[in-house]
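# Analysis of the macromolecular model
The primary structure of each chain is shown beneath.
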Protein chains: 2
Amino acid sequence: MKLKVKILKFVAGRPVSILHKKTADKIGVNIDDRISLNKNKKRIISVVDIARGILKEDEIVVSDEIVKALQLKKNDFLDINIAPHPESVELIYKKLMCKPLSETELKKIIKDIVKNALTEPEIAYFVSAIYKCGMSIQEIKYLIKAIVDTGETLRLKGKVADKHSIGGVAGNRTTPIVVSICSSAGLIMPKTSSRAITSAAGTADVIESVAKVEFSSSQLYKILKKTKACMVWGGSLGLAPADDKIIQIERLLNLDPEPQLLSSILAKKLSVNSNYVLIDIPYGKSAKVSRKKALSLKKKFEKLSKIFNINLKCILTDGSQPIGNGIGPILEIRDVLSVLKQSPERPLDLEKKSLKLASFLLEMTGKAKKGQGMELAKKILQSGKAFSKFKEIIKAQGGHLNNLKLGEFFQDIVAKKSGKVIEIDNKKINFLARILGSPTDKGAGIYLYKHLKDNVKRKEKLLTFYSESERKLREALKFYKKIKPIKIS
Amino acid sequence: MKLKVKILKFVAGRPVSILHKKTADKIGVNIDDRISLNKNKKRIISVVDIARGILKEDEIVVSDEIVKALQLKKNDFLDINIAPHPESVELIYKKLMCKPLSETELKKIIKDIVKNALTEPEIAYFVSAIYKCGMSIQEIKYLIKAIVDTGETLRLKGKVADKHSIGGVAGNRTTPIVVSICSSAGLIMPKTSSRAITSAAGTADVIESVAKVEFSSSQLYKILKKTKACMVWGGSLGLAPADDKIIQIERLLNLDPEPQLLSSILAKKLSVNSNYVLIDIPYGKSAKVSRKKALSLKKKFEKLSKIFNINLKCILTDGSQPIGNGIGPILEIRDVLSVLKQSPERPLDLEKKSLKLASFLLEMTGKAKKGQGMELAKKILQSGKAFSKFKEIIKAQGGHLNNLKLGEFFQDIVAKKSGKVIEIDNKKINFLARILGSPTDKGAGIYLYKHLKDNVKRKEKLLTFYSESERKLREALKFYKKIKPIKIS
């Protein structure tokens, strides 16, 4: 079938063709199907999108990727055919049948994900396959290699260290404190973080409230040359683009299959060349994993670290409640600053956990002798050296520490009865903070006055909700009554 | 976050918002994520698409569905938030954990599929869940009810009959012959068919080479009033829109989970009010199912037919090779016509199977006494009544039988050695016909001179390839050498 090209000047990130609904019906294709576009002897495979209104039945709107590849001009004619899917689709089918994939096969899938040759539903089938069938350590190894090989890598010299939490705990913003302490002690810490997926804020969202977090890898080299540490968003660096894409599809259903969790974390560490890695696995009620799952993860992390020759340690931590007082980007950066400044009202649970993580890293890397990491970490924090380092990094990332304004609409929530706090649900707290506008609205979130086992009196403040919109505040209050994130006995 | 509305006048079939890549990164959303768009007190949930070039960072392009719902004008501002996913996503997750779904829960999923509230990858997760976990007869019952309830239905009086093949056999165009015979005998046959999914042509594609197949349900009523039978494409009638959408996602991976196959077929029969249904289950090498699977399907069809109170019969037929000589829309309609016209060179295998299917339907419906269906079917076919009926239907669907032109580029393929034909692979034949341009190019396809167990001499013709493009012909010839669809011993 021949269609006339209509050019609309848009870059879609991959070859996309928009067909008129009637034309798509006639050819028998639908959204996310593939067609091949042929002009003279050139051919390109494109994903189908369908619309009406912007084009006529005998027209085709093509993205810039196609215009360039086929050197198209307005009113050119294209010959359209249904295209067979790439071989990697057969391999996804194979995995969905629970058959193991070889190194070459996994590489094919990952390559096609990176070059956008696989569509979102096809990647969803891949994720389902991993979820339902699992993967052997061998397959996970191949997956990690494929993810690293198809992305950019940073090559840094020296003791490159990283700390990573598997997530699930509200607040818990230890990274900026750990990075500041450890890089003060001489470790190189190219910390790349994600944005929030289901939580109120990711480290990248939090740092973004005081500095830029999106850099190209050449910009990042410059920053690292200066400060030996950074706290940036991993997404713009192209370190593990396959992983970013897979995570995007996983989060639609909040899936997090273990093989993918392992490969995601390790691929990102390998691509920044980390040779010392500390993994924080919070477990417990309302955390991401149970103690049993945490132990199984630890075992697999250790196995894989031997395969890839990384010095890796996992620590299991208490993930049964939020850590720190602030939940939401600016609220969390305020917690971080009060620890770094050693203010009297700083959240001690956040400080304690950060010192623990830092002390492990310092001992692993030989910056402190065995048993002396905590002492060194405390010294660096209390002396103000960590805070200086933090400011240095923020400045290098084009930021400053003014203007930490919370949402102008706020509401205190008080206890309905006296008693002891027996539950603070991470998931519910994160959910409410998101309703309030976090992480997009930097000043939105929740301030927590109490932690587990604290005594509380009737009418005493439990929480303050902050939002940048009155409507969101009202909505969060409505949900608060429904889901009750805090229990008092 | 506030963004300025840019109107581009396009209907996407559901609310779609295009964000600038940088803005999407900032909010932390990606293709197929959901955002809520708020203006004054109105709100709508939209799926995200991402582009650059057609819009600036502070702009948002919205589809007509959104313009209408929020009554937007150019340069209006919209407040954008990340939106939670609909409850049906949790239910898909539940099914992926292999937990059974209730009637209400399945209805929620199906409703959201119909109103486009679920994205393609989410539906892929649903399909994976059904594929990996299966469904009880109870769940399949709920699924069928939900699919029927969310679509249009035809209410026809009298003995409404249908025949359906589960597919997989190349050629096999029995439907036009069976419909012509049985409606000549007085049965009402509102036959809706699909287009090809992986085969060379579906019944809708074949009929489309001589008549229109896309009608609204009111147009269809008019046709049926006149002729008591039709052969149309089911897709434009909105009979089971959820099923159409699920099939679209299944075919990305060529999945066809049994519960979905059962519900798809029965939902479509229920929605046209068929009270007599004959199901053809071809089995064997290179067919869709093995004999074992065919028997299991038969059992389940029969169980479900009791639940829904339909008079249903399954027959298992030989699906180990193509049926008829033509593979491709015009080639297949030529076969059909030669049977209806009783030409001497008609394909007898196609005639025999069509008569068998027709005889079963005539007996099931009481149009013939037990054991006398074949006689009646033959009489109707040989007398020319079936052919008259066929012409009547084609005319009512705005068609005619002239102009059955095959592709102008063709090539004979001859046997390399003498011997007996021991294999003709359905899948490979279908694949080659598609490469040749079928079903989009109506005149493209394959003519088969031999069937299983036929003797063949060296250099005797085995096949003729037809195509409307020289390039496609060359490509098919290249593939032919690689995949060898016919074996001679």
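Residues numbered from 1 in each chain as written. Chains lettered and ligands numbered in written order. Predicted model: local features only at pLDDT ≥ 70, side-chain atom pairs only at ≥ 80, totals over all residues. Heavy atoms only, no water.

## Comments concerning the pattern of salt bridges
Residue and element names in this part refer to chain A. Evaluation of the coordinates by the stated rule reveals 70 salt bridges over all chains. Taking the shortest distance from any N to any O, the salt bridge between Lys353 and Asp280 comes out at 2.8 Å. Here Lys353 is found in helix 14 (residues 348–364), whereas its partner Asp280 is found in strand 10 (residues 276–283), with 73 residues between them in sequence. When its relative accessible area of 8% is taken as the criterion, Lys353 is described as buried. Note on Asp280: relative accessible area 0%, which makes it buried. The closest approach of N and O atoms between Glu423 and Lys487, which form a salt bridge, is 3.8 Å. (Salt bridge = Lys/Arg side-chain N within 4 Å of Asp/Glu carboxyl O. Helix = DSSP H or I, 4+ residues; strand = E, 2+ residues; numbered from the N terminus. Buried < 20%, exposed > 50% of the residue type's maximum accessible area, 1.4 Å probe, protein only.)

## Some thoughts on the interface of chain B and chain A
Facing the 64 residues of chain B at the interface are 64 residues of chain A. Both faces combined, the contact of chain B with chain A buries some 5300 Å², and carbon together with sulfur accounts for 54% of it. When residues of chain B are sorted by the area they lose upon contact with chain A, Tyr125(B), Leu252(B) and Leu253(B) head the list and together hold 14% of the total. On inspection of chain B and its partner chain A, the count reaches six salt bridges. One can count 21 residue pairs in polar contact (both at pLDDT 80 or more) joining chain B with chain A. Elements supplying a minimum of two residues to the side of chain B that touches chain A: helix 1 (21–27), strand 4 (42–51), strand 6 (77–82), helix 3 (87–96), helix 5 (120–133), helix 10 (241–250) and helix 18 (470–483) of chain B. Looking at the side of chain B that touches chain A, the element that brings in the most residues is helix 5 of chain B, giving ten residues. (Contact = heavy atoms within 4.5 Å. Buried area = accessible area lost by both parts, 1.4 Å probe. Polar contact = N/O pair within 3.5 Å; in protein donor to acceptor, adjacent residues only side chain to side chain.)

## Topic: helix 18 of chain B
The end-to-end C-alpha distance of helix 18 of chain B, which contains 14 residues, comes to 20 Å, matching closely the 20 Å that a straight helix rising 1.5 Å per residue would cover. The set of residues buried in helix 18 of chain B consists of Lys472(B), Leu473(B), Glu475(B), Ala476(B), Leu477(B), Phe479(B) and Tyr480(B). Residues of helix 18 of chain B that are buried in the fold lie against strand 4 (42–51) and strand 6 (77–82) of chain A together with strand 13 (409–414), helix 17 (426–436) and strand 17 (461–467) of chain B. With its phi angle positive at about 40°, Lys484(B) sits one or two positions after the end of helix 18 of chain B. (Expected span 1.5 Å × (residues − 1).)

## With respect to the sheet that holds strand 16 (residues 455–456) of chain A
In a beta sheet, neighbouring strands pair by backbone hydrogen bonds and run either parallel or antiparallel. All names here are of chain A. Taken together, the three strands give an open sheet; going across it, the order is 16-14-18, and neighbouring strands pair in antiparallel fashion. Looking at strand neighbours, the two that pair on one side only are strand 16 and strand 18 (486–488), the edges of this open sheet. Inspection of the sheet shows strand 14 (residues 419–424) paired to strand 18 by three bridges, in the antiparallel sense. Each bridged residue has a counterpart across the sheet, and for Glu423 the counterpart in strand 18 is Lys487. (Pairing = 2+ DSSP bridges.)

## So, the environment of Ile310(B)
Residues and elements named next belong to chain B. One can find Ile310 in the loop between helix 12 (291–307) and strand 11 (311–318). Sequence separation between Ile310 and Tyr276 is 34 residues, and the spatial gap between their C-alpha atoms is 6.4 Å. With residues near it in sequence (within four places) discarded, Ile310 still touches Leu266, Leu270, Ser274, Asn275, Val277 and Ser305.

## Observations concerning the domain arrangement of chain A
What the domain assignment reports for chain A is domain 1 (2–82), domain 2 (87–134), domain 3 (161–233 + 262–396) and domain 4 (409–488). Each of domain 2 of chain A and domain 3 of chain A has a C-alpha centre, and these two points are 32 Å apart. (Domains from an automatic or database assignment.)

## Section: the sheet that holds strand 18 (residues 486–488) of chain B
Spatial ordering of the open sheet is given by 16-14-18 (chain B), a layout of three strands whose pairing is antiparallel. At either margin of the open sheet sits one strand with a lone partner, and together these are strand 16 (455–456) and strand 18 of chain B.

## Section: the pairing of strand 4 of chain A
Residue and element names in this part refer to chain A. Of the pairings in the sheet, the one linking strand 2 (residues 16–20) to strand 4 comprises five bridges and is parallel in character. Of the residues in strand 4, the one forming a bridge with Ile18 is Asp49. Bridge count for strand 3 (residues 34–39) against strand 4 is six bridges, and the pairing is antiparallel. Bridging across to strand 4, Asn38 finds its partner in Arg43.

## Structural notes on the pairing of strand 5 (residues 59–62) of chain A
All names here are of chain A. On strand 5, burial covers both faces: Glu59 and Val61 on one face and Ile60 and Val62 on the other are all buried. Pairing of strand 1 (residues 2–7) with strand 5 involves four bridges; the strand directions are parallel. By the bridge assignment for strand 5, Lys6 is matched with Val61. As paired strands, strand 2 and strand 5 are joined by three bridges and run antiparallel to one another. For Ile18, the partnering residue across the bridge sits in strand 5 and is Val61.

## A word on a positive patch on the surface
There is a patch of like positive charges on the surface, built from Lys22(A), Lys26(A), Arg52(A) and Lys68(B). Residue position: Arg52(A) is located in the loop between strand 4 and strand 5. Judged by its relative accessible area of 40%, Arg52(A) falls in the partly exposed class. (Patch = residues over 30% accessible without salt bridge, like charges linked within 9 Å, V, L, I, M, F, W, Y side chains within 5 Å. Areas by Shrake-Rupley, 256 points an atom, 1.4 Å probe, with all protein chains shown as cover. Lys, Arg positive; Asp, Glu negative; His and termini not counted. Charge placed at Lys NZ, Arg CZ, Asp CG, Glu CD.)

## Notes on the relation of the copies chain B and chain A
You can overlay chain B on chain A at an RMSD of 0.0 Å; the transform is a turn of 180° with a shift of 0.0 Å along its axis. What we have between these two chains is a two-fold relation. For chain B, the minimum C-alpha distance to the rotation axis belongs to Pro121(B) and amounts to 1.9 Å. The fraction of interface residues of chain B whose copies in chain A are also interface residues reaches 100%, indicating that both copies meet through the same surface. (Least-squares fit on C-alpha atoms with pLDDT ≥ 70 in both.)

## A look at the state of the cysteines
Residue and element names in this part refer to chain A. In the structure shown here, the tally under the stated rule is two disulfides over all chains. Disulfide pairing places Cys98 opposite Cys133 at an S-S distance of 2.1 Å. For the disulfide bridge between Cys98 and Cys133, the dihedral angle about the S-S bond is near -75°, and by the sign convention the bridge is left-handed. Taken together, the residues span a long stretch of sequence, with Cys98 in the loop between helix 3 (87–96) and helix 4 (103–114) and Cys133 in helix 5 (residues 120–133) at a distance of 35 residues. The exposure class assigned to Cys98 is partly exposed, which follows from its relative accessible area of 39%. A residue is classified by how much of its surface remains accessible, and Cys133, at 22% relative accessible area, is partly exposed. Unpaired in terms of disulfides, Cys230 finds its nearest cysteine sulfur in Cys182, a separation of 14 Å. A residue is classified by how much of its surface remains accessible, and Cys230, at 0% relative accessible area, is buried. (Disulfide = S-S within 2.5 Å.)

## Topic: helix 16 (residues 385–396) of chain B
Residue and element names in this part refer to chain B. Spanning twelve residues, helix 16 covers 16 Å between terminal C-alpha atoms, matching the ideal 16 Å at 1.5 Å per step. Three or more residues of helix 16 are buried, namely Ala386, Phe387, Lys389, Phe390, Ile393, Ile394 and Ala396. Buried residues in helix 16 make contact with helix 7 (175–184), helix 8 (203–207), helix 9 (217–227), strand 9 (229–233), helix 13 (329–340) and helix 15 (373–382). Looking at the residues trailing helix 16, positive phi occurs at Gly398, about 75°.

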